[in-house]
Amino acid sequence: RSSDLGAGDDMAQIFGFDEIEKIRSMPYNSFFGEMGITDKQKKERIEFSKKIEDDMRFLILLILIMKETGRVDAKKAAEQFETKLLKWIARYIDLDSETKAYISDFCLSTAQVTADHVNEKYYVSEDRIRLVSENTALDFLNHKDFKEATENKTYKTWNTIIDGKERETHHKENQTTIPINNYFLVGKALMRYPHDMAVTFTNPEEVINCRCWVTYS
């Protein structure tokens, strides 16, 4: 599976990208290592991904236990998933209103997809755990970097890895520079930065496994 290739227009549902097509994860060192971000940012993203991994394993185990009891309650599982995540995530990001809302949406949608497909091997696999973890790390940490940049930067430039695996819509944005509070038009999505959490659920075809990054100036 290409590391930056979208699965098509059929993916427009909340975190349903892995219901439509089983996109493969990438090793963290490869996924983050290709990006033109600092070594500190790469390390932070790998650490964050591993913490999400642990919480994803908890969620899957909880849903499997619920399955054995005869009743899977995705909402209750999501609440416990969110409680675990909130115990550590504030060490990495500020919990502003947008981030809090995204956490709730992410936990509920991930729990629901897992519950709906608990009998299918992929949905309880390490591959899916890594896929969700590495993409979610970018959702949160790219948001953090953007918020910090708005305090003292004026412009932002979209950067795309051009290697034949990139999305056409992302290729078109490569080296585009705009005022920091403006939006990049990426396909049909208006994005502040790659992995913009505001469009993760509405335009997942422009987000999942995206390897792009922005530089601020």
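See the structure printed just above.
Residues numbered from 1 in each chain as written. Predicted model: local features only at pLDDT ≥ 70, side-chain atom pairs only at ≥ 80, totals over all residues. Heavy atoms only, no water.

Draft legend 1. Examining helix H6 (residues 126-149) more closely. Between its first and last C-alpha atoms H6 spans 34 Å; for 24 residues at 1.5 Å apiece the expected length is 34 Å, and the two agree. Summarising burial for H6: 20 of the 24 residues are buried, a large majority. (Helix = DSSP H or I, 4+ residues; strand = E, 2+ residues; numbered from the N terminus. Expected span 1.5 Å × (residues − 1). Buried < 20%, exposed > 50% of the residue type's maximum accessible area, 1.4 Å probe, protein only.)

Draft legend 2. Looking closely at a nonpolar patch on the surface. The grouping of Tyr183, Leu185 and Leu190 at the surface amounts to a nonpolar patch, some 330 Å² of accessible area in total. When you line up the elements, Tyr183 lands in the loop between strand S2 (177-179) and strand S3 (184-186). Among the residues examined, Tyr183 registers a relative accessible area of 48% and is labelled partly exposed. (Patch = residues over 30% accessible without salt bridge, like charges linked within 9 Å, V, L, I, M, F, W, Y side chains within 5 Å. Areas by Shrake-Rupley, 256 points an atom, 1.4 Å probe, with all protein chains shown as cover. Salt bridge = Lys/Arg side-chain N within 4 Å of Asp/Glu carboxyl O.)

Draft legend 3. Seen up close, the sheet that holds strand S5 (residues 213-216). Across the sheet, three strands lie side by side as S2-S1-S5; this open sheet has antiparallel pairing. Looking at the sheet topology across the chains shown, the edges are occupied by S2 and S5. When strand polarity is set aside, the average angle formed by the axes of neighbouring strands in this sheet is 30°. Pairing geometry for strand S1 (residues 155-159) and S5, over four bridges, is antiparallel. Its bridge partner lying in S5, Asn159 is registered against Trp213. (Pairing = 2+ DSSP bridges. Axes fitted to C-alpha atoms, helices over the stretch in contact; angles between N-to-C directions.)

Draft legend 4. Quick peek at the pairing of S1. Across the five residues that make up S1, a large majority, four, are buried. Here S1 pairs with S2 via three bridges, running antiparallel. For Thr157, the partnering residue across the bridge sits in S2 and is Thr177.

Draft legend 5. Layout of the pattern of salt bridges. Using the criterion set out here, one finds 13 salt bridges in the structure. A salt bridge links Lys172 to Glu168; the nearest nitrogen and oxygen atoms lie 3.7 Å apart. One end of the pair is Lys172 and the other is Glu168, both in helix H7 (residues 168-173) and four residues apart, which spans about a single turn. Both residues of the pair, Lys172 and Glu168, belong to the exposed class. By sharing partners, the salt bridges in this structure join Glu44, Arg45, Lys144 and Asp145 into a single network.

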